[in-house]
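These are the residues of each chain, in order.
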Amino acid sequence: MWRIAGHDEAVTLLSRSLEKEKLSHAYLFAGPPRVGKATLAMILAQGVNCLADTGERPCGECSQCLRIAAGQHPDVQVVDLASAQSPTRREIGIDQVREVQRAAALKPFEGRRRVFIFPDAPSLSTEASNALLKLLEEPPDSVLLLLLTTQADAILPTIRSRCQLVELGRLPVEAIAEELTRSRGVAQDEAESLARLSGGSIGWAMEASARPEVLQEYTEELERVAALLGEGLEGRFAWAEETASLYARDRERALLRLRTALGWWRDLLALKEGGDALVSNTPALESMRRHAGWVASSQAVEAVGRIREAISHLEANVNPRLALEVMVLGLPRGAAQAERKAV
């Protein structure tokens, strides 16, 4: 059973290909953070190894399905920065891909196919990408490669062209709220609020429903975004240095900080152009109203572009501190003066 909210088109494509035994040897799942790419990859890994003889695969109940879901199957391997030997490494190295090549040459240990999942494919180093390309050009029949990325164009064209692209979009508020009430028992009002705050990322909404501190941390990050507008160069560079240091320790958390900033600026622009009803980050509504009086729409558009550029640079392994310093230098300044006038 394909237990995943939304993404009906992708599920239909993959389930039919699985049923007809016409799966590609490699897929590239592209979509925003935490919309279900990793979940879909694991479900497909279950599907190709499911023991069910009849009915829809994966069954979710056989030993193969259960062990894959628990992360205990020897033929399903996740290749990411966490699996690297060095905890400070920012790239998936060639040594990791060479290990994949060696494993791919062997028959599956107990399943039908070996599945290799790259949850952050853009972090492949140049050497690792070239090594992976050789495997993509001549893949064994018993191997399935699943590459995950937030942006398809962040992957080398030579690799991208050898994978079947499956695009996953942000989920609508209604779909996320329905899943929260159905699977987590969240009250309707709370589910709708979390769904709006999630920005279409069901993974974030699920975590926030289970851990209240996630919402608290998110609200604090929104406040920091607003405070940054009143900072001078010293304060902005300190933020950039702190975020770059966080990126070295926790890549995903640092990127989440930037995406939170991106959401704040998008909402500020929406507030200026269309009013309160268009704002998703309602906890930050009051601070946005204060800044909306002095930030021009053109400045908000430029800020959105600067943050997007910084995210792209980080995903392309550009020097984090340099990318972030360039970003903060391009954000509008003058919040402190504007607030003094308002008083």
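Quantities reported herein were computed from a predicted structural model and do not represent experimental measurements.

J.: Just to check I follow, could you spell out the overall build of the protein for this structure?
T.: Looking only at helices and strands, the protein has 16 helices and five strands in total. Compactness check: the protein gives a C-alpha radius of gyration of 22 Å against a globular reference of 20 Å for 343 residues, within 12% of the reference. If one aligns the C-alpha atoms of the protein with their principal axes, the spans along those axes are about 70 × 45 × 30 Å. For the protein, restricting intrachain contacts to residue pairs at least 6 apart in sequence, the fraction spanning at least 24 positions comes to 69%. Accessible area of the protein: about 16,800 Å², with a carbon and sulfur share of 49%. Looking at the protein, you have 41 positive and 47 negative side-chain charges, and the mean spots of the two groups are 3 Å apart.

J.: Help me understand the packing of helix α12 (residues 251–274) against helix α13 (residues 285–292), please; the structure alone is not making it clear to me.
T.: Relative orientation and spacing of two packed helices are given, respectively, by the angle between their axes and the distance between those axes. Contact geometry for α12 and α13: axes closest at 10 Å, N-to-C directions at 65°. In this structure, α12 crosses over α13, and the sense of that crossing is right-handed. Of the residues in α13, those in contact with Trp 264, Asp 267, Leu 268, Leu 271 and Lys 272 of α12 are Leu 285, Ser 287, Met 288, Arg 289, His 291 and Ala 292. Here the residues of the contact of α12 with α13 are counted per class, giving six nonpolar, two polar and three charged.

J.: Is there a simple way to think about the side chain of Asp 75 in this case?
T.: With respect to the helices and strands, the residue Asp 75 is situated in the loop between α3 (63–69) and β2 (76–78). For Asp 75, a relative accessible area of 1% gives the class buried. A distance of 2.7 Å separates a polar atom in the side chain of Asp 75 from the backbone nitrogen of Phe 109. Separated by 2.9 Å, the side chain of Asp 75 and the backbone nitrogen of Glu 110 make a polar contact. Aside from chain neighbours lying at most four places away, what touches Asp 75 is Pro 108, Phe 109, Glu 110, Gly 111, Arg 113, Arg 114 and Val 115.

J.: Mind showing me how you'd approach the environment of Trp 265 here?
T.: Among the structural elements, Trp 265 can be located in helix α12. Look at Trp 265 and you get buried, because its relative accessible area is 1%. Sequence spacing of Trp 265 and Val 301 is 36 residues, and the spatial spacing of their C-alpha atoms is 8.0 Å.

What counts and how
Residues numbered from 1 in each chain as written. Predicted model: local features only at pLDDT ≥ 70, side-chain atom pairs only at ≥ 80, totals over all residues. Heavy atoms only, no water. Helix = DSSP H or I, 4+ residues; strand = E, 2+ residues; numbered from the N terminus. Rg over C-alpha atoms; globule rule 2.2 N^0.38 Å. Contact = heavy atoms within 4.5 Å. Areas by Shrake-Rupley, 256 points an atom, 1.4 Å probe, with all protein chains shown as cover. Lys, Arg positive; Asp, Glu negative; His and termini not counted. Charge placed at Lys NZ, Arg CZ, Asp CG, Glu CD. Axes fitted to C-alpha atoms, helices over the stretch in contact; angles between N-to-C directions. Left-handed = near helix turned anticlockwise from the far one by under 90°. Nonpolar A, V, L, I, M, F, W, Y, C, P; charged D, E, K, R; others polar. Buried < 20%, exposed > 50% of the residue type's maximum accessible area, 1.4 Å probe, protein only. Polar contact = N/O pair within 3.5 Å; in protein donor to acceptor, adjacent residues only side chain to side chain.

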